[in-house]
Amino acid sequence: MATVIAVCISEEKGTPKHEVPEIHLKPGHGIVGDAHAGNWHRQVSLLGTESVEPLRAVLSDIPVGAFAENILTEGLTLYTLPVGTRLRIGGVLLEVTQIGKECHAHCAIRRQVGDCVMPREGIFAVVLEEGVVRPGDPVTVLPVSP
């Protein structure tokens, strides 16, 4: 079963995300208190530990949130999910809207390790149902909407 390992926010764009005990998600907004919240298609960013671990072999102290992920998961290959997939995470319902993104040229992880996984393996979603997500919450993949 897939689970949430950590949840992170950043109060300002362009700053690293930091781990918090929980995040509150709202439809049409995203994560309360996160600088990337808003009415757009990338309200929430998710990344799997399976994507981070190979880079930890090169730089062992990569902190949670280093790739600007809001939700770090384990047990699910997120980037293989098609756009439109719905995820139930705790009581929240998300819909995947984008796989990967363009990486900033000045990405600190890319400079240190020579690679950044977010452009290939990070996913983005919008919030469909409000709720709270905490580490340890289960992640359930629901069927793609027709």
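Look up: the structure comes first, before these words.
As the structure is a computational prediction, the values presented were derived from the model and not from experiment.

J.: Tell me about the overall build of the chain, and please be specific about residues and values.
T.: Scanning the chain from terminus to terminus reveals three helices and eleven strands. Secondary structure elements in the chain, listed N-terminal to C-terminal, are β-β-β-β-β-α-β-β-β-α-α-β-β-β. When the accessible surface of the chain is totalled, it reaches about 7000 Å², and 54% of it is carbon and sulfur.

J.: Run through the pairing of strand S9 (residues 123-129), naming residues and quoting values.
T.: Side-chain positions along a regular strand alternate between the two faces of the sheet. Along S9, five of the seven residues are buried, which leaves the element largely enclosed by surrounding structure. Pairing of strand S5 (residues 44-48) with S9 involves three bridges; the strand directions are antiparallel. The residue of S9 that forms the bridge with Ser 45 is Phe 124. Looking at chain direction, strand S8 (residues 92-99) and S9 are connected through six bridges and run antiparallel. If you follow Glu 95 over to S9, its bridge partner there is Val 126.

J.: Before we move on, could you go through the pairing of strand S6 (residues 71-74) and cite the residues and values that matter?
T.: The pairing of strand S1 (residues 2-9) with S6 spans four bridges and is antiparallel. Counterpart to Thr 3 in the pairing with S6 is Glu 74. The sheet contact formed by S5 and S6 spans three bridges and is parallel. Looking across to S6, one finds that Gly 48 is bridged to Thr 73.

J.: So what about the packing of aromatic side chains? Which residues, and what values?
T.: Following the criterion strictly, the structure yields zero aromatic pairs and no others. The aromatic ring of Phe 124 is capped on one face by Arg 42, whose charged end is 5.0 Å from the ring centroid.

J.: Before we move on, can you summarise the sheet that holds strand S4 (residues 30-31) with the specific residues and values?
T.: Spatial strand order, S4-S3-S10: three strands in an open sheet with antiparallel pairing. Unpaired on one side and paired on the other, S4 and strand S10 (131-133) mark the two borders of the sheet.

J.: For the pattern of salt bridges, give the residues involved together with the corresponding values.
T.: Under the definition given, this model contains four salt bridges. A salt bridge links Glu 95 to Arg 86, with the shortest nitrogen-to-oxygen separation between them at 2.9 Å. For Arg 88, the salt bridge is made with Glu 129, and the minimal N-O distance between the two is 2.9 Å. A residue pair is termed long-range when its members are at least 10 positions apart, and Arg 88 in strand S7 (residues 86-89) and Glu 129 in strand S9 qualify at 41 residues. The class for Arg 88 is partly exposed, based on a relative accessible area of 26%.

J.: Just give me the short version of the nonpolar core, but keep the residues and values in it.
T.: Counting residues in hydrophobic clusters, the biggest one holds 24 residues, and the most contacted among them are Leu 46, Ile 71 and Leu 94. Elements represented by at least two residues in this core include exactly S1, strand S3 (23-26), S5, S7, S8 and S9. In this structure, Ile 71 is in contact with Val 4, Ala 6, Val 7, Ile 23, Val 44, Ser 45, Leu 46, Leu 47, Ile 89, Leu 94 and Val 133, ignoring residues within four places of it in sequence. Within the second largest apolar cluster, six residues are counted, among which are Ala 6, Val 52, Ile 62 and Leu 72.

Cut-offs applied
Residues numbered from 1 in each chain as written. Predicted model: local features only at pLDDT ≥ 70, side-chain atom pairs only at ≥ 80, totals over all residues. Heavy atoms only, no water. Helix = DSSP H or I, 4+ residues; strand = E, 2+ residues; numbered from the N terminus. Areas by Shrake-Rupley, 256 points an atom, 1.4 Å probe, with all protein chains shown as cover. Buried < 20%, exposed > 50% of the residue type's maximum accessible area, 1.4 Å probe, protein only. Pairing = 2+ DSSP bridges. Phe/Tyr/Trp six-rings, centres within 6.5 Å; stacked < 30°, edge-to-face > 60°. Lys NZ or Arg CZ within 6 Å of the ring centre and 35° of its normal. Salt bridge = Lys/Arg side-chain N within 4 Å of Asp/Glu carboxyl O. Core = buried A, V, L, I, M, F, W, Y, C linked by side-chain atoms within 4.5 Å. Contact = heavy atoms within 4.5 Å.

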